[in-house]
Amino acid sequence: KFALFFVLSVAAAAQDLDPESSRLEITGSFWSVDSSGSIHANGTPIDLKTDLGVSQGPATFTGKLVAKPRRKQKIVVEGTPVRLDGSMNLSRSITYRGKTYSVSDRITSKAELNYFYAGYQYDLISRPGGHFGLEAGGAWLNATGTIVSQTTGITASKSETVGLPLAGAEFRVFPVHRRFDVEINGEVKGMAFGRYGHYVQASANAGVGFGPVLVEGGYRIVDMDIHTNDRISGVAPQFTGPVLSLVFRIP
């Protein structure tokens, strides 16, 4: 216990001098996800809410690691697995993967979206009171959707994997830095892909902490529209919701 107290005290003293001096940051978050938008695969565009009845607000874990080989240089890695489930009595006929589900059908659905990002950030401004930086990297997206008819037993499934270049900006400020820290941060990154769609991700957070530990609350938005050139297949979901995070800063 004494050794742990000593380590935390030393870390807190270092952070008192400069909260931006940490060489490693680890963030774990729970994101309450509300989903909207549509998917389509060789058929009718299908609305996640009105056609599939996707449940709203499931807790989704997100993780982020920031390593700083130099003060203004950062290696950023993050990931999010989104899992959606739905059940709905159809109010119209829909076609998915060439299979038609009628208005008298009850369908259940599952969707999985795995997101992984790795990139490099350079801080144009880096001071004890905060930083502002530009970042660029690549994202890997894997999406799988499955629809099952409870009346006929018909099942249709579709999977897609894409790689996306992303660029953006990120900032953090410490308006209060005394015995405890008050911190505000935000980030936006994305890319337009012409006739293949777009991807945008944004978040804003505020937190309080002591020494190497911060507790944050905020809001996160992901808006994407990724489709084939002929628009026969694609996904266009929007994910939004509040985020609760725990951040560890290691000097």
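Please refer to the structure higher up on the page.
Note that the structure is predicted; figures quoted are calculated from it, not measured.

## Details of the environment of Asn-229
Mapped onto the fold, Asn-229 is located in the loop between strand 13 (213-227) and strand 14 (233-250). The spacing of Asn-229 and Glu-216 is 13 residues in sequence and 40 Å in space, taken between C-alpha atoms. For Asn-229, the residues in contact, after removing those within four places along its chain, are Arg-195 and Tyr-196.

## A short note on the pattern of salt bridges
Taken as a whole, this structure holds eleven salt bridges when the rule is applied. Among the ionic pairs, Arg-71 bridges to Asp-18, the shortest N-O distance being 2.6 Å. In this pair, Arg-71 sits in the loop between strand 4 (59-70) and strand 5 (73-89) while Asp-18 sits in the loop between helix 1 (2-17) and strand 1 (24-32), placing the two residues 53 residues apart along the sequence. Its relative accessible area of 32% is what places Arg-71 among the partly exposed residues. Its relative accessible area of 12% is what places Asp-18 among the buried residues. Lys-189 is the salt-bridge partner of Glu-78, the closest N and O atoms lying 2.9 Å from each other. One end of the pair, Glu-78, is in strand 5; the other, Lys-189, is in strand 11 (residues 181-192), with 111 residues separating them in the sequence.

## So, a nonpolar patch on the surface
Where nonpolar side chains cluster on the molecular surface, the patch consists of Ile-75, Tyr-120, Tyr-122, Leu-124, Ile-125, Phe-132, Leu-134, Phe-171, Val-173 and Ile-184 and spans about 820 Å² of accessible area. Elements supplying a minimum of two residues to the nonpolar patch: strand 8 (106-127), strand 9 (130-149) and strand 10 (155-177). Top element by residues in the nonpolar patch is strand 8. It accounts for four residues. Classification of Leu-134 as partly exposed rests on a relative accessible area of 43%.

Parameters at a glance
- Residues numbered from 1 in each chain as written.
- Predicted model: local features only at pLDDT ≥ 70, side-chain atom pairs only at ≥ 80, totals over all residues.
- Heavy atoms only, no water.
- Helix = DSSP H or I, 4+ residues; strand = E, 2+ residues; numbered from the N terminus.
- Contact = heavy atoms within 4.5 Å.
- Salt bridge = Lys/Arg side-chain N within 4 Å of Asp/Glu carboxyl O.
- Buried < 20%, exposed > 50% of the residue type's maximum accessible area, 1.4 Å probe, protein only.
- Patch = residues over 30% accessible without salt bridge, like charges linked within 9 Å, V, L, I, M, F, W, Y side chains within 5 Å.
- Areas by Shrake-Rupley, 256 points an atom, 1.4 Å probe, with all protein chains shown as cover.

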